[in-house]
Amino acid sequence: MYQEILTAIKEFECIIIHRHSKPDGDAMGSQIGLKKWMNHHFPDKRVFQVGDDAGRFSFMDGSVMDIVPDSCYEGSLVILLDTAVPALISDNRYQLAKKTIRFDHHLYVAKFTDLECVDSTFESCCGLLTDFILNSGYPLTPECALPLYTGMVTDSGRFRYDSTTPRTLRLAAALLEQGFDLNELYRNLYSETIEKMQIKAAFINKIRTLPGNVAFIMTTSEELEKLGMDPFTASRGMVGVMADITGIDTWVNFTQSEEGVLCELRSSKYNIQPIAVKYGGGGHAKASGAVVPDFETAMKMVADLQSLAAD
Ligand SMILES: [Mn+2]
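Residues numbered from 1 in each chain as written. Predicted model: local features only at pLDDT ≥ 70, side-chain atom pairs only at ≥ 80, totals over all residues.

A.B. asks: What is the right way to read the domain arrangement of the protein from this model?
C.D. replies: Interfaces are often sized by the accessible area lost when the parts come together. Each assigned domain of the protein is listed with its residue range as follows: domain 1 (2–190) and domain 2 (195–310). Using C-alpha coordinates to define each centre, domain 1 is positioned 34 Å away from domain 2. (Domains from an automatic or database assignment.)

In structure tokens:
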């Protein structure tokens, strides 16, 4: 597949790079990295990147999107990155292209481009793309290495998730050999405002622990108002403060909202999805969500989570 893709890249004069909307570090990194790599090795081609704003990844060099008229798509090649389903693609004009290629590392759903390079054994699309580049005969460059590394480090949770393999680190090493300032990258990725840190501290102070290696946080509407937060941001954004407590295997963040009590369930050990389903929710084995009517029901969910340790 790599060879076919390289042949297509060589063949087209105009190449437009798409990725999923609301981009994360992997979507931005693969898009910017691929564009910079092509600019270096194929300077005569017109290469564009399109999509919605880079948002929190605007610190990345080259993160400003190009304005591309519809006419550009005529006879063009589109390369789609880090996207498993068409609905998530930012800018649906990819359909106007003459030929389409896709690089992705999500679980395969269905074919929707002409050439598909999908491999879910890679931790990130940037990792897959780095592998492609290393096998292409057109070497990595310092300009493409930093964005590709940014995608690898963010999608692998700083090389911590289960998806991280020896190959991940070998590819990351190849990128790092191009030379860039790691410290500056990590500052950009992980520094927080003092306001955000203090809000986090308020949630940390609310953590309660129970037998069965369970932790939870409960936040009322009045508390949210005082913190100046909306329920969704608190629910999703603060569940992580319980992730690394010694001796805690399962944790849940309860947040009062107009729809009921939002529940974000997590576990580092157990499959908590059936408990989320029992309360009308769902999700993944180790990360699920539900909405329950009141805090009383929420405490019943906590009891169910406690019983996981007894089984
Ligand atoms: Mn990704």
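A.B. asks: Explain the nonpolar core to me, please; I cannot follow it from the model alone.
C.D. replies: Considering soluble globular proteins, one finds that nonpolar side chains tend to be buried as a cluster. Core analysis: the largest hydrophobic core is formed by 43 residues, its most contacted members being Ile15, Ile79, Leu81, Leu129, Leu148 and Tyr149. Counting only elements with at least two residues in this core, the list comes to strand 1 (14–19), helix 2 (25–41), strand 3 (77–81), strand 4 (99–104), helix 3 (125–134), helix 4 (142–155) and helix 5 (166–176). With seven residues, the top contributor of residues to this core is helix 4. In contact with isoleucine 79, not counting residues within four places along its chain, are Ile15, Ile17, Leu34 and Ile101. Residues Phe203, Val252, Val261 and Tyr279 belong to the second largest nonpolar core, which totals 28 residues. (Core = buried A, V, L, I, M, F, W, Y, C linked by C-beta atoms within 7 Å. Buried ≥ 20, exposed ≤ 12 C-beta atoms within 10 Å, placed from the backbone. Helix = DSSP H or I, 4+ residues; strand = E, 2+ residues; numbered from the N terminus. Contact = placed C-beta atoms within 7 Å.)

A.B. asks: What exactly am I supposed to notice about helix 9 (residues 231–238) here?
C.D. replies: A turn of α-helix holds 3.6 residues, and therefore any two residues three or four places apart point the same way. Buried residues of helix 9: Ala234, Ser235 and Met238, and no others. Buried positions in helix 9, seen along its axis, are confined to an arc of 110° and lie on one side of it. (Arc of directions from axis to C-beta.)

A.B. asks: Hey, could you run me through the packing of helix 4 against helix 5 in this one?
C.D. replies: How two helices pack is summed up by the angle between their axes together with the distance between the axes. Between helix 4 and helix 5, the least distance of the axes is 9 Å, while the angle of their chain directions is 150°. Of the possible angle classes, the one that applies to helix 4 and helix 5 is roughly antiparallel. Judged by the sense of rotation from one axis to the other, the crossing of helix 4 with helix 5 is left-handed. Of helix 5, the residues touching helix 4 (which contributes Ala145, Leu148, Tyr149 and Met152) are Thr168, Leu171, Ala172, Leu175 and Leu176. (Axes fitted to C-alpha atoms, helices over the stretch in contact; angles between N-to-C directions. Parallel < 35°, antiparallel > 145°, perpendicular 65-115°, else oblique. Left-handed = near helix turned anticlockwise from the far one by under 90°.)

A.B. asks: What is the right way to look at the pairing of strand 1 in this model?
C.D. replies: Consecutive side chains of a regular strand alternate in pointing toward one face of the sheet and then the other. Of all six residues in strand 1, five are buried; the element is thus mostly enclosed. Strand direction decides the pairing type here: strand 1 and strand 2 (residues 46–49), joined by four bridges, are parallel. From the neighbouring strand, cysteine 14 faces strand 2, where its bridge partner is arginine 46. Of the crossover connections in this fold, the one passing from strand 1 over helix 2 to the parallel strand 2 is right-handed. With five bridges joining them, strand 1 and strand 3 adopt parallel strand pairing. (Pairing = 2+ DSSP bridges. Right-handed = clockwise from strand over helix to strand, strands pointing away.)

A.B. asks: I'm lost on the sheet that holds strand 5 (residues 115–118) in this one. Help?
C.D. replies: Hydrogen bonds between backbone groups are what pair the strands of a sheet, and the pairing can be parallel or antiparallel. The five strands lie next to each other as 2-1-3-4-5, forming an open sheet whose pairing is parallel. Lying at the two open borders of the sheet, with one neighbouring strand each, are strand 2 and strand 5. Pairwise comparison of adjacent strand axes, ignoring direction, gives a mean angle of 15° for this sheet. Judged from the five bridges that link them, strand 3 and strand 4 form a sheet pairing that is parallel. In the strand pairing of strand 4, leucine 77 is matched with lysine 99. Packing of helix 1 (residues 2–11) onto the sheet brings it into contact with strand 1, strand 3, strand 4 and strand 5, and relative to strand 5 it is tilted by some 130°.

A.B. asks: Is there a simple way to think about the environment of phenylalanine 122 in this case?
C.D. replies: By the secondary structure assignment, phenylalanine 122 is in the loop between strand 5 and helix 3. Since 25 C-beta atoms lie within 10 Å of it, phenylalanine 122 is described here as buried. Phenylalanine 122 sits 140 residues away from leucine 262 along the chain, and the two C-alpha atoms are 33 Å apart.

A.B. asks: Looking at this structure, how should I read the sheet that holds strand 7 (residues 214–219)?
C.D. replies: With mixed pairing, six strands are arranged side by side in an open sheet as 6-7-8-9-11-10. Every other strand in the sheet has two partners, leaving strand 6 (208–210) and strand 10 (282–283) as the edge strands with one partner each. Here six bridges tie strand 7 to strand 8 (residues 250–257), and the two strands are oriented parallel to one another. Along strand 8, the bridge assignment pairs methionine 218 with phenylalanine 254. Against the sheet, helix 9 contacts strand 7, strand 8 and strand 9 (260–267), and its axis sits at roughly 175° relative to strand 8.

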